[in-house]
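Fold and contact review
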Amino acid sequence: MAHPITPLSPPLKDELDIVIPTIRNLDFLEMWRPFLQPYHLIIVQDGDPTKVIKVPDGFDYELYNRNDVNRVLGPKASCISFKDSACRCFGFLVSKKKYIFTIDDDCFVAKDPSGKEINALAQHIQNLLTPSTPLFFNTLYDPYRDGADFVRGYPFSLREGVSTAISHGLWLNIPDYDAPTQLVKPRERNTRYVDAVMTIPKGTLFPMCGMNLAFDRELIGPAMYFGLMGDGQPIGRYDDMWAGWCAKVICDHLNLGVKTGLPYIWHSKASNPFVNLKKEYKGIYWQEEIIPFFQSIILSKECTTVQQCYVELSKNVKEKLGSVDPYFQKLGDAMVTWIEAWEELNPPKEASAAAEPKSVKKEEASPNSK
């Protein structure tokens, strides 16, 4: 008697949350339905909390607005940005899953050169579940992909690689440019599909874009703080950059890997370069001092957890960048508040098994579940 074929469960279905920051109805999810519907969504609504956000039928989701952020975090809610996509990191905070995929609501399904729709989430999962090689560059890029391997001369002692903490995807159509570049190249579109994934070498920083990004929350989650940006702050549009610089320095210290390249998404609309310039202009000046700061930072050997690394980093931010602008004193304090909030909502497993944690229970934190 033939046995019925059991359909394969989507990879990491019960171990991955999808985090989406938004100010509008999420019609874009219809296009993603074949790939994302099996997964749990955490939607972080920015702006006016009284506005009703519509989510297409059939998706399993929690929706948080600013009132929920204030209720869940209390005084610590001050570390979550307002009117900036940095609000997404609240979703990272309340998730209880091992992996996170975060995507912007203007990102559509891209097609590869053969015309096939790209399952971005599946590629991110592949990146995260295979090792990275930050200690020695492989000229065939990711040696763990089908059809690739380590090249001649690659030390055998390093072929095991290290755990991958971050998978950074790219975009077709609208490139992720800053305002000055947008202004001088208003019609430029990215049509280059490069079929490659590579590990960013140890000691090398990179500009991390948050619109198509996945990470191992257990390995690097506490470092994925998108800073104090947007409303009431002197800077915007550097939220993902800040998280990327901090996370990369900590990954290098803890011997973790960051991959970039595939998967591509289709970035559908360009934001206004004049509005962007207002948000970015201080960051464009400041980054010339911020980058050397991160390039020269050496975390102490005593820092063995992401939280310890991040708190030490926050002290350095206040000491060494505080002279650039008082904003960095405030940012350093917010980094510590973020870690306090993380530890409150994510107590160590042993502690939570031994006693009921004081942190907000999941069901209390998510009134708008579907």
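Numbering of residues begins from 1 in every chain and follows the order in which that chain's sequence is written. Whole-chain, interface and lining totals are the exception, using all residues; otherwise, since this is a predicted model, local features are given only for residues with pLDDT of at least 70 and side-chain atom pairs are given and counted only at 80 or more. Side-chain metrics in this entry use all non-hydrogen atoms of the structure; hydrogen atoms and water are not considered.

The name an unreviewed UniProt entry assigns to the chain is UDP-arabinopyranose mutase, from the organism Castanea mollissima. UniProt positions are given in the numbering used here, feature names are shortened, and annotations may be inferred rather than shown by experiment. UniProt's Subcellular location (unreviewed entry) comment on the chain is quoted here verbatim: "Golgi apparatus". The annotation that UniProt attaches to the chain under Catalytic activity (unreviewed entry) is "UDP-beta-L-arabinofuranose = UDP-beta-L-arabinopyranose".

1. Focus: the overall build of the chain
Looking only at helices and strands, one finds 12 helices and nine strands in the chain. Note on method: radius of gyration uses C-alpha positions; expected globular size equals 2.2 Å times residues raised to 0.38. On C-alpha atoms alone, the chain measures out to a radius of gyration of 20 Å, which is about the 21 Å that the 2.2 N^0.38 rule sets for 370 residues. Taken along its principal axes, the extent of the C-alpha atoms in the chain is 65 × 55 × 50 Å. Of all 370 residues assigned to the chain, the portion counted as buried reaches 52%. Here the Shrake-Rupley method, with its probe set to 1.4 Å, supplies the accessible areas, and only the displayed protein chains count as covering residues. Carbon and sulfur atoms make up 55% of the accessible area of the chain, which totals about 17500 Å². Side chains of the chain give 41 positive and 46 negative charges; the mean places of these two sets differ by 2 Å. Helix and strand labels come from DSSP, where a helix needs a run of H or I of at least four residues and a strand needs a run of E of at least two; each type is numbered from the N terminus. Throughout this description, buried means an accessible area under 20% of the type-specific maximum (1.4 Å probe, protein chains only), exposed means over 50%, and partly exposed covers the range between. When charges are counted, neither His nor the chain ends are considered; positive counts come from Lys and Arg and negative counts from Asp and Glu. Here the site of a charge means NZ on Lys, CZ on Arg, CG on Asp, or CD on Glu.

2. Topic: the side chain of Arg159
The topology assignment puts Arg159 in the loop between helix 4 (120-129) and strand 6 (164-173). An unpaired buried charge is present at Arg159: no salt bridge exists, and Asp149, the closest side chain of opposite charge, is 5.0 Å distant. Contacts of Arg159, omitting those with residues within four sequence positions, involve Tyr144, Phe150, Val151 and Tyr154. For this document, the term salt bridge refers to a Lys or Arg side-chain nitrogen within 4 Å of an Asp or Glu carboxyl oxygen. Pairs of residues are marked as contacts when any of their non-hydrogen atoms sit within 4.5 Å.

3. Section: the nonpolar core
What makes a nonpolar core is a set of buried Ala, Val, Leu, Ile, Met, Phe, Trp, Tyr and Cys residues whose side-chain atoms join them at distances within 4.5 Å. By size, the foremost hydrophobic cluster in this structure holds 66 residues, and its most contacted members are Leu73, Ile166, Ile220, Trp242, Tyr310 and Trp338. Breaking this core down by element, the ones donating at least two residues are helix 2 (66-73), helix 3 (89-94), strand 6, strand 8 (212-216), helix 7 (239-254), helix 8 (273-296), helix 9 (306-321) and helix 10 (327-345). Top element by residues in this core is helix 10. It accounts for 10 residues. Sequence-distant contacts of Leu73, defined by excluding residues within four places in its chain, comprise Ile80, Phe90, Leu93, Ala341 and Leu345. In this structure, Phe28, Leu29, Tyr39 and Leu121 belong to the second largest nonpolar core, which totals 32 residues.

4. Regarding the layout of surface pockets
The distinction between a cavity and a pocket rests on a 1 Å grid over the protein atoms alone: a 1.4 Å probe fits inside a cavity but cannot get out, while a pocket stays open yet meets protein on both sides within 12 Å along at least five of seven lines, and a residue with an atom within 4 Å of a point counts as lining. Grid points are joined across faces, edges and corners, and a volume is the space filled by probe spheres set on the points. Looking at the largest pocket, its volume works out to about 1300 Å³. Contributing to the lining of the largest pocket are 49 residues, with Ser85, Asp104, Asp176, Arg237 and Ser271 lying nearest its centre. Looking at the lining of the largest pocket, the elements with two or more residues in it are strand 1 (16-22), strand 6, helix 5 (179-184), helix 7, strand 9 (257-267) and helix 8. Considering every element that reaches the lining of the largest pocket, the biggest residue donor is helix 8, with six residues. Any residue that is not Ala, Val, Leu, Ile, Met, Phe, Trp, Tyr, Cys, Pro, Asp, Glu, Lys or Arg is counted as polar, Gly included; the first ten are nonpolar and the last four charged. Residue composition of the lining of the largest pocket, by class: 20 nonpolar, 13 polar and 16 charged.

5. With respect to a nonpolar patch on the surface
On the surface, Leu183, Val184, Phe274, Leu277, Tyr281 and Tyr285 cluster together to form a nonpolar patch covering roughly 660 Å² of accessible area. Elements with a contribution of two residues or more to the nonpolar patch: helix 5 and helix 8. Tracing the sequence through the fold places Leu183 in helix 5. Nonpolar side chains (Val, Leu, Ile, Met, Phe, Trp, Tyr) within 5 Å and like charges within 9 Å form the patches, drawn only from residues with over 30% relative accessible area and no salt bridge.

6. So, the pattern of salt bridges
Tallying each qualifying case throughout the model produces 15 salt bridges. For Lys185, the salt bridge identified is with Glu188, shortest N-O distance 3.7 Å. With a relative accessible area of 29%, Glu188 lands in the partly exposed category. Beyond isolated ion pairs, a larger network of salt bridges with shared partners links Lys98, Asp216 and Glu218.

7. Describing the UniProt feature "site: Required for activity" (unreviewed entry) in the chain
UniProt's feature table lists "site: Required for activity" (unreviewed entry) at Arg152 and Arg159, given in the numbering used throughout. On the basis of relative accessibility, which here comes to 85%, the residue Arg152 falls in the exposed class.

8. Re the packing of aromatic side chains
A pair of Phe, Tyr and Trp rings is counted when the ring centres sit within 6.5 Å of each other, with Trp represented by its six-membered ring. The angle between the planes then sorts it: under 30 degrees is stacked, over 60 is edge-to-face, the rest tilted. Inspection of every chain in the model, using the stated rule, returns 20 aromatic pairs. The interplanar angle of 65° and the centroid separation of 5.7 Å between the aromatic rings of Phe92 and Phe226 together place this pair among those described as edge-to-face. Linking Phe92 in helix 3 with Phe226 in the loop between helix 6 (217-220) and helix 7, this pair joins segments that are 134 residues apart in sequence. With a relative accessible area of 0%, Phe226 lands in the buried category. Ring geometry for Trp242 against Phe294: centres 5.2 Å apart, planes inclined by 75°, an arrangement best described as edge-to-face. Taken together, the residues Trp242 in helix 7 and Phe294 in helix 8 connect sequence positions 52 residues apart. The rule is short: NZ of Lys or CZ of Arg within 6 Å of the ring centre and within 35 degrees of the ring normal puts a charge over the ring. The positively charged end of Arg159 is found above the aromatic ring belonging to Phe156, 3.7 Å away from the centroid.

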